[in-house]
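Residue-level listing of the chains:
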Amino acid sequence: MATAHRVRSAGVRILRGGAFKPRSSPYSFQGLGREALRLLARARNETGLAIVTEVMAPEDVPLVAEYADILQIGSRSMENFALLAAAAQSGRPMMLKRGLVATISGYLRSAQFVLENGNSNIILCERGIRTFDDTLRNTFDAAGIALLKQITHLPVIADPSHACGHRELVPLLARIGLAAGADGIIVEVHPDPDKALSDGEQSLDFAAFDAMMADLEPWIALRKQSLVGVESAAVQAMEAVG
Ligand code: PEP
Ligand code: MN
């Protein structure tokens with residue numbers, strides 16, 4: 001709740017919290033399930049933030065869709081087609097994260113699968129991919145963001161937290177994501193990251209989050225300018241063809 005209030009006052013619009021969490025280890029915190037969904041609903045009521053949260057199994061879709069404004073399909077589920085179909089058919093907007101080892105074309109096939117199931121409200125999310133270099137948690141594919149913006153009409157957001165796994169690098173990768181054309185960023189924030197039950201090493205505390213948001217202002221302004229450019233180019237092109 002503390003995080004919800006704090007990020008709201010910094011201009012954030014959407015809150016992501018994991019209720020059902022796919023963890024790489026069976027010994028990691030697995031999420032609080034339904035109880036966490038209730039907490040997310042409380043955060044929405046108190047702050048007005050929209051809620052995005054992950055759904056991991058087709059049979060959980062009705063429950064999660066009851067609480068969430070946007071259904072997250074996590075990286076590990078990008079090719080779970082039964083889940084994609086069930087989530088798509090719920091009618092809720094979906095945030096489809098790129099698979100850990102998904103090519104851009106494989107990623108777009110999953111997005112297409114959602115579209116074919118009647119849901120066109122898809123947000124794409126580049127969250128880093130596995131490469132030979134394991135120095136950081138993942139390799140942030142900024143070129144992938146630029147390409148997705150060029151070849152799809154879908155909104156694309158960047159997840160610098162999961163991409164690098166280190167809180168010190170998150171603000172820098174957030175900038176890169178925006179510069180590459182991302183429509184938004186998703187960032188992990190915690191009042192006391194060293195005590196977080198999940199992903200504390202990549203979470204920003206409130207001071208670091210505020211500093212990042214202030215630092216991003218000129219980058220967001222540039223991003224808006226480039227959008228105006230794109231829109232006016234599109235208008236000119238349409239006028240040219242009558
Ligand atoms: C998350 O957003 O918390 C998450 C589990 O991300 P990913 O699916 O990208 O690993
Ligand atoms: Mn996480």
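This report concerns the structure included in the present document. Note that the coordinates shown come from a computational prediction; the quantities given were computed from them, not determined experimentally.

Thresholds applied
Residues numbered from 1 in each chain as written. Chains lettered and ligands numbered in written order. Predicted model: local features only at pLDDT ≥ 70, side-chain atom pairs only at ≥ 80, totals over all residues. Heavy atoms only, no water. Pairing = 2+ DSSP bridges. Helix = DSSP H or I, 4+ residues; strand = E, 2+ residues; numbered from the N terminus. Near = heavy atom within 4 Å. Polar contact = N/O pair within 3.5 Å; in protein donor to acceptor, adjacent residues only side chain to side chain. Areas by Shrake-Rupley, 256 points an atom, 1.4 Å probe, with all protein chains shown as cover. Nonpolar A, V, L, I, M, F, W, Y, C, P; charged D, E, K, R; others polar. Donors = N, O, S within 2.8 Å, 3.2 Å for Na, K, Ca; no water. Buried < 20%, exposed > 50% of the residue type's maximum accessible area, 1.4 Å probe, protein only. Arc of directions from axis to C-beta. Axes fitted to C-alpha atoms, helices over the stretch in contact; angles between N-to-C directions. Parallel < 35°, antiparallel > 145°, perpendicular 65-115°, else oblique. Left-handed = near helix turned anticlockwise from the far one by under 90°. Contact = heavy atoms within 4.5 Å.

Here's the deal with the sheet that holds strand E1 (residues 14-16)
- The parallel open sheet is built from seven strands, whose spatial order is E1-E2-E3-E4-E5-E6-E7. Every interior strand has two partners, whereas the edge strands, E1 and strand E7 (184-185), have only one.
- Bridge count for strand E4 (residues 94-97) against strand E5 (residues 122-126) is four bridges, and the pairing is parallel. By the bridge assignment, Lys 97 is partnered in E5 with Cys 125.

Here we look at the site of ligand 1
- Near ligand 1 the following residues occur: Arg 16, Lys 21, Glu 54, Gln 72, Gly 74, Ser 75, Arg 76, Lys 97, Arg 127 and His 162.
- At 2.8 Å from an oxygen atom of ligand 1 is found a side-chain nitrogen or oxygen belonging to Arg 16.
- At 2.9 Å, a side-chain N or O of Lys 97 approaches an oxygen atom of ligand 1.
- When ligand 1 sits alone it has 290 Å² of accessible area, and the protein chains cover 97% of it.
- Considering only residue class, the shell around ligand 1 consists of no nonpolar, four polar and six charged.

Quick notes on the coordination of the manganese ion (ligand 2)
- Around the manganese ion (ligand 2), the protein contributes the donor atoms His 162 (NE2), Glu 188 (OE) and Asp 199 (OD), which lie 2.1 to 2.5 Å from the metal centre.
- Each donor residue of the manganese ion (ligand 2) belongs to the same chain, and together they define the spacing H-x25-E-x10-D. Of the two residues, His 162 is situated in helix H7 (residues 160-164) and Glu 188 in the loop between E7 and helix H9 (206-240); the sequence distance between them amounts to 26 residues.
- Taking the relative accessible area as the measure of exposure, His 162 reaches 10% and is therefore buried.
- When its relative accessible area of 9% is taken as the criterion, Glu 188 is described as buried.

Points about helix H8 (residues 170-179)
- Buried within H8 are the following residues: Val 170, Pro 171, Leu 173, Ala 174, Gly 177 and Leu 178. The buried residues of H8 occupy an angular sector of 160 degrees when projected down its axis, which confines them to one face.
- Just downstream of H8 lies Gly 181, where phi reads positive at about 115 degrees.

Concerning the packing of helix H5 (residues 104-116) against helix H6 (residues 142-151)
- Running from N to C, H5 and H6 cross one another at 45 degrees; their axes reach a closest spacing of 11 Å. Comparing the axis directions of H5 and H6 gives the class oblique. Between H5 and H6 lies a crossing whose hand is right-handed. In this structure, H5 contributes Ile 104, Tyr 107 and Leu 108 to the contact, and H6 contributes Gly 144, Leu 147, Leu 148 and Ile 151.

Without other data, these values stay purely geometric and don't point to any function.
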